[in-house]
Amino acid sequence: MRPVAVSVEGPTEREFVSKVLSPHLAAFGLYAKPIPLNGSVSVARATDDIRRLLKDDGYMAVTTLYDWYGFQKRQQWEKPHQLESELHAQVSGNHRFIPYIQVYEFEALIFAGPDETGEVLRNPQLPAKMRVELRSCHTPEDLNDGYDTCPSRRLKRLHPGYDKVNHGYRITEAIGLDRIRISCPRFGGWLTRLESLGSAGAQPVTSEN
C-alpha cells in the first residue's frame, strides 16, 4: 500500500478518513492516513502541517480535508478553489500536494443520503425533513453557510441527538462513497484525483473547481 497523508480538521474527519476513505482507497493500492490539526484551521497552521508532511518522503502524496465554513479569515477568498490555490502556493506548487476544501462542511456529505441517515440515527421522519432542506439547493454542497443554516446545524436541528464524531463516519459509510460522489461533485472530483494516484504516472494538480 502506498501511503497518502490527509491533514484533517478534527476527529470527525479523522474517523471518516480512517474508516471510510482509507478502506475505499485500498482497492487502488493506497492507504490514507489522517493527521488531525485538532483546532481552528488557518492558512498558517495548515501550511506548517502540510510542509512537515511533505518533508516525509514516505508519503507519495499529501492532501487536506478542511471545512470551508470554519476556515479562519476565509472571506479573503471568494471561492474555495482560490483558497486551495493559496495553500498550493504556500508550498511552492509541490506536485505531491493536493489541496481540498470541503464545501461547506463535512455534513454536506451526509445530506447526500437522507434514507441512510434516518436509518443510522433511527429516525424514520428524518429523511423527509432532510429532503425539504435540499429543495432549494442544486446539490448538498450548495447548502449555505449561515450560522443557523450551515449543514451541521441544519442536521442538528432536525435531529438533536446527532453527534459528529460518532455518527458522521457511520452515516457516510452507510451511504457509500460512490453515491456521495454523484450527489457532491466537488467531493467526487477530489476522490477521483486520489484514486488516480493508484494509476501509473498520475500526478496531483491544483483543483480548478
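Calculation rules
- Residues numbered from 1 in each chain as written.
- Predicted model: local features only at pLDDT ≥ 70, side-chain atom pairs only at ≥ 80, totals over all residues.
- Heavy atoms only, no water.
- Helix = DSSP H or I, 4+ residues; strand = E, 2+ residues; numbered from the N terminus.
- Rg over C-alpha atoms; globule rule 2.2 N^0.38 Å.
- Buried < 20%, exposed > 50% of the residue type's maximum accessible area, 1.4 Å probe, protein only.
- Contact = heavy atoms within 4.5 Å.
- Areas by Shrake-Rupley, 256 points an atom, 1.4 Å probe, with all protein chains shown as cover.
- Salt bridge = Lys/Arg side-chain N within 4 Å of Asp/Glu carboxyl O.
- Axes fitted to C-alpha atoms, helices over the stretch in contact; angles between N-to-C directions.
- Parallel < 35°, antiparallel > 145°, perpendicular 65-115°, else oblique.
- Left-handed = near helix turned anticlockwise from the far one by under 90°.
- Nonpolar A, V, L, I, M, F, W, Y, C, P; charged D, E, K, R; others polar.
- Pairing = 2+ DSSP bridges.
- Right-handed = clockwise from strand over helix to strand, strands pointing away.
- pLDDT = per-residue confidence, 0-100.
- Arc of directions from axis to C-beta.

Draft legend 1. Up close: the overall build of the chain. Scanning the chain from N- to C-terminus turns up 10 helices and five strands. Against the 2.2 N^0.38 benchmark of 17 Å for 209 residues, the chain shows a C-alpha radius of gyration of 16 Å, consistent with a compact globule. With the C-alpha coordinates aligned to their principal axes, the bounding extent of the chain is approximately 50 × 40 × 30 Å. Across the 209 residues in the chain, those meeting the buried criterion constitute 55%. Partitioning the intrachain contacts of the chain with sequence separation of at least 6 by distance along the chain shows that 73% fall at a separation of at least 24. Carbon together with sulfur atoms contributes 48% to the accessible area of the chain, which is approximately 9,500 Å² in total.

Draft legend 2. Representation of the pattern of salt bridges. Inspection of every chain in the model, using the stated rule, returns 11 salt bridges. For Arg 157, the salt bridge goes to Glu 133, with nearest N and O atoms at 3.0 Å. Pair noted here: Arg 157 is in helix α7 (residues 151-158) and Glu 133 is in helix α6 (residues 126-134), with a separation of 24 residues, a long-range link. The exposure class of Arg 157 is partly exposed, given its relative accessible area of 46%. According to the relative accessible area criterion, Glu 133 is buried, its value standing at 13%. One connected set of salt bridges, linked through shared partners, spans Arg 14, Glu 15 and Lys 19.

Draft legend 3. Structural view of the packing of helix α1 (residues 11-26) against helix α10 (residues 185-196). Across the interface, α1 lies against α10 with an axial gap of 10 Å and an inter-helix angle of 55°. Taken together, the axes of α1 and α10 are oblique relative to one another. Between α1 and α10 the crossing geometry is right-handed. Here Phe 16, Leu 21, His 24 and Leu 25 of α1 lie close against α10, whose contacting residues are Phe 187, Trp 190, Leu 191, Leu 194 and Glu 195. Residues that form the contact of α1 with α10 fall into these classes: seven nonpolar, one polar and one charged.

Draft legend 4. Looking closely at the pairing of strand β1 (residues 2-8). Buried residues dominate β1, accounting for five of its seven residues. Here β1 runs beside strand β2 (residues 30-36); their pairing, made up of seven bridges, is parallel. Of the residues in β2, the one forming a bridge with Arg 2 is Leu 30. Between the parallel elements β1 and β2, the chain passes through α1 in a crossover that is right-handed. Examined bridge by bridge, β1 and strand β3 (residues 61-67) share five bridges and lie parallel to one another. Bridge pairing links Val 4 to Ala 61 in β3.

Draft legend 5. Fine view of the confidence of the model for the chain. Averaged over every residue, the pLDDT of the chain is 90; the share at 70 or more is 94%. A low-confidence stretch, residues 200-209 (pLDDT under 50), is modelled with 21 contacts involving residues beyond four sequence positions or located in other chains.

Draft legend 6. Quick look at the packing of α1 against helix α8 (residues 164-175). Running from amino to carboxyl end, α1 crosses α8 at an angle of 35°, the nearest separation of the two axes being 8 Å. Every pair of crossing elements has a handedness; the one defined by α1 and α8 is right-handed. Taking contact as the criterion, the partners of Pro 11, Thr 12, Glu 15, Phe 16, Lys 19 and Val 20 in α1 are, on α8, Lys 164, Val 165, Tyr 169, Thr 172 and Glu 173. Classifying every residue of the contact of α1 with α8 gives five nonpolar, two polar and four charged.

Draft legend 7. Looking closely at helix α3 (residues 80-90). By the burial criterion, the buried members of α3 are Pro 80, Leu 83, Glu 84, Leu 87 and His 88. Projected down its long axis, α3 shows its buried positions confined to an angular sector of 145°, all on one face. Residue Ser 92 follows α3 closely and has a positive phi angle near 60°.

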